[in-house]
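Close look at the chain arrangement
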Amino acid sequence: MRERERVMAAKPATTPSIGNGYKISKTALFASTLLVLDALLISLIIAYVPYTKIDWDAYMSQVSGFLEGERDYGKLKGDTGPLVYPAGFLYVYSAIQFVTGGEVYPAQLPWWALVLLSLSKRVHSIFVLRLFNDCFAMTLLHAALASLLYQRWHLALIIFSGAVSIKMNVLLYAPPLFLLMLKGMSMVGVLSALSGAALVQILLGLPFLLSHPVGYISRAFNLGRVFIHFWSVNFKFVPEAVFVSKAFATTLLAIHLVLLAVFAHYRWCKHEGGLFNFLRSKFSHEKRSFNLHHFFIHDSTHKTLSKAHIATVMFAGNFIGIVCARSLHYQFYVWYFYSLPFLLWKTPFPTPIRLLLFGGVEFCWNVFPSNLYSSSLLFCIHLAILWGLWIAPCEYPSAGEKPQLTKEE
């Protein structure tokens, strides 16, 4: 008996397998089960929860004008107002209109939704019952992030540009993305990747740039829009007169830029000696090694970054933009919802606190209409998460380096 127990103890743990001996990890099995259950939940939501036509009819009206040959952005309108998104938005929703005939019900089962939808009531509502363009923009953004994790810089920039063409909130990721490009690529690689991204914007907007360039650029890339105070989820506690003021917008922008600079200097570039030392050494090295041969024949990959560092910088940089955004509407929740678990587990907070913060964010986003208390609570939770990210240990930026040891919970 003892010999048998010794043999069983020495036998390595096995991984569940399926047909033909193919092994599947417990993580993959759990993820697959979760997707199946969520698909069933989505089917029940579509069957029993009425669809809310907030922007769908406006989208279809704007798309119809485009498909009928209109290229003046000033004349592409819906019942919620003029079109204010770049050209990629029109191409995506033109495809949806072609597939669904402009009807809501067939469009509520997008193939990509199973990958992104989780257990949030508000997020299910945004993806399944509203069909906002935020969903498509963030889907492409996550695809770009996946490419970044595998150092596919040029592909990532092309997909990223496609996401921007659907909705410009994706630009919140631009500052941390640019920093990562400087870390992981040569300057020639950075310039070529940025050129590819710019080319995507030109090609997508070409029908409008050739006919009405001023109207397209002023409408699709309008950074000065003022949102309605009623719909604000994060700053409802701010008086409306202050909320719509230019001074408030300028102050938030300044805070946003300062926070990005501070995090970049003290957190994201800590192991390089700070942001300024990193930039100085980067450009000094590039200047010494640059030549024409290097320009035309080059390896764009300068340094292999760790996946943890890429995800941390991208998600934290976007979250700083969320904290400083003048107005977050309900559909904007998807801008950062999928990064919340990662960000919370980057903080040194105990797990019960992380879960409490996550539940608090979800609660605030499900209060409708938002009020003084829900928006104040959400703002405080955002600040708490930001503080947790600030005091969290900094991971090593390069793949293969010894990770920083932390105390196990």
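Residues numbered from 1 in each chain as written. Predicted model: local features only at pLDDT ≥ 70, side-chain atom pairs only at ≥ 80, totals over all residues. Heavy atoms only, no water.

1. Thoughts on helix H8 (residues 133-149)
In a regular helix each residue adds 1.5 Å, so 17 residues correspond to 24 Å; H8 covers 25 Å between its end C-alpha atoms and thus fits that length. Among the 17 residues that make up H8, 13 are buried, leaving the element largely enclosed by the rest of the structure. Positive phi appears at Gln-151, one or two residues downstream of H8, with a value of about 60 degrees. (Helix = DSSP H or I, 4+ residues; strand = E, 2+ residues; numbered from the N terminus. Expected span 1.5 Å × (residues − 1). Buried < 20%, exposed > 50% of the residue type's maximum accessible area, 1.4 Å probe, protein only.)

2. What about the packing of helix H9 (residues 153-164) against helix H11 (residues 187-211)?
In contact at an axis separation of 8 Å, H9 and H11 are set at 35 degrees when each is read in the N-to-C sense. Once H9 is placed against H11, the crossing between them reads as right-handed. Counting all contacts with H9, which are made through His-154, Leu-157, Ile-158, Ser-161, Gly-162 and Val-164, the residues of H11 involved are Gly-189, Ser-192, Ala-193, Leu-194, Ala-197, Val-200 and Gln-201. Residue composition of the contact of H9 with H11, grouped by class: seven nonpolar, six polar and no charged. (Axes fitted to C-alpha atoms, helices over the stretch in contact; angles between N-to-C directions. Left-handed = near helix turned anticlockwise from the far one by under 90°. Contact = heavy atoms within 4.5 Å. Nonpolar A, V, L, I, M, F, W, Y, C, P; charged D, E, K, R; others polar.)

3. Description of the packing of aromatic side chains
Taken as a whole, this structure holds 23 aromatic pairs when the rule is applied. The interplanar angle of 70 degrees and the centroid separation of 5.3 Å between the aromatic rings of Phe-263 and Trp-390 together place this pair among those described as edge-to-face. Here the residue Phe-263 occupies a position in helix H14 (residues 246-268), and Trp-390 occupies one in helix H20 (residues 372-391), the gap between them amounting to 127 residues. The buried category is assigned to Phe-263, whose relative accessible area is 5%. The exposure class assigned to Trp-390 is partly exposed, which follows from its relative accessible area of 27%. Pairing Tyr-330 with Trp-365 gives two aromatic rings, centres 6.4 Å apart and planes at 80 degrees, and the pair type is edge-to-face. Of the two residues, Tyr-330 is situated in the loop between helix H17 (307-324) and helix H18 (340-346) and Trp-365 in helix H19 (residues 351-365); the sequence distance between them amounts to 35 residues. The class for Trp-365 is buried, based on a relative accessible area of 0%. Taken together through their ring pairs, the aromatic side chains of Phe-230, Trp-231, Phe-319, Tyr-330, Tyr-333, Tyr-336, Phe-337, Tyr-338, Phe-358, Trp-365 and Phe-368 make up a single cluster. Note that Lys-236 overlies the ring of Phe-230, its terminal NZ or CZ placed 5.0 Å from the centroid. Across from the ring centre of Tyr-150, 4.7 Å away, lies the NZ or CZ of Lys-307, which sits over that ring. (Phe/Tyr/Trp six-rings, centres within 6.5 Å; stacked < 30°, edge-to-face > 60°. Lys NZ or Arg CZ within 6 Å of the ring centre and 35° of its normal.)

4. Here's the deal with empty space enclosed by the protein
Within this structure, the stated rule accounts for one cavity of 30 Å³ or more. Reported here for the largest cavity is a volume of approximately 110 Å³. Around the largest cavity sit Phe-263, Arg-267, Trp-268, Thr-312, Ala-316, Lys-346, Leu-389, Ala-392, Pro-393, Cys-394 and Glu-395, which together line it. At the level of secondary structure, the elements contributing two or more residues to the lining of the largest cavity comprise H14 and H17. Among the elements that line the lining of the largest cavity, the one with the most residues is H14, at three residues. For the lining of the largest cavity, the class distribution of residues is seven nonpolar, one polar and three charged. (1 Å grid on protein atoms, 1.4 Å probe; cavity = no way out; pocket = protein on both sides within 12 Å on 5 of 7 lines; lining within 4 Å. Points joined across faces, edges and corners; volume = space filled by probe spheres on them.)

5. Observations regarding the packing of H17 against H20
H20 packs onto H17 with a crossing angle of 150 degrees between their chain directions and a minimal axis gap of 10 Å. Regarding the angle of H17 to H20, the classification is roughly antiparallel. Both H17 and H20 take part in a crossing whose hand is left-handed. Where H17 approaches H20, its residues Ala-316, Phe-319, Ile-320, Ile-322 and Val-323 are matched on the opposing element by Phe-379, His-382, Leu-383, Ile-385, Leu-386 and Leu-389. (Parallel < 35°, antiparallel > 145°, perpendicular 65-115°, else oblique.)

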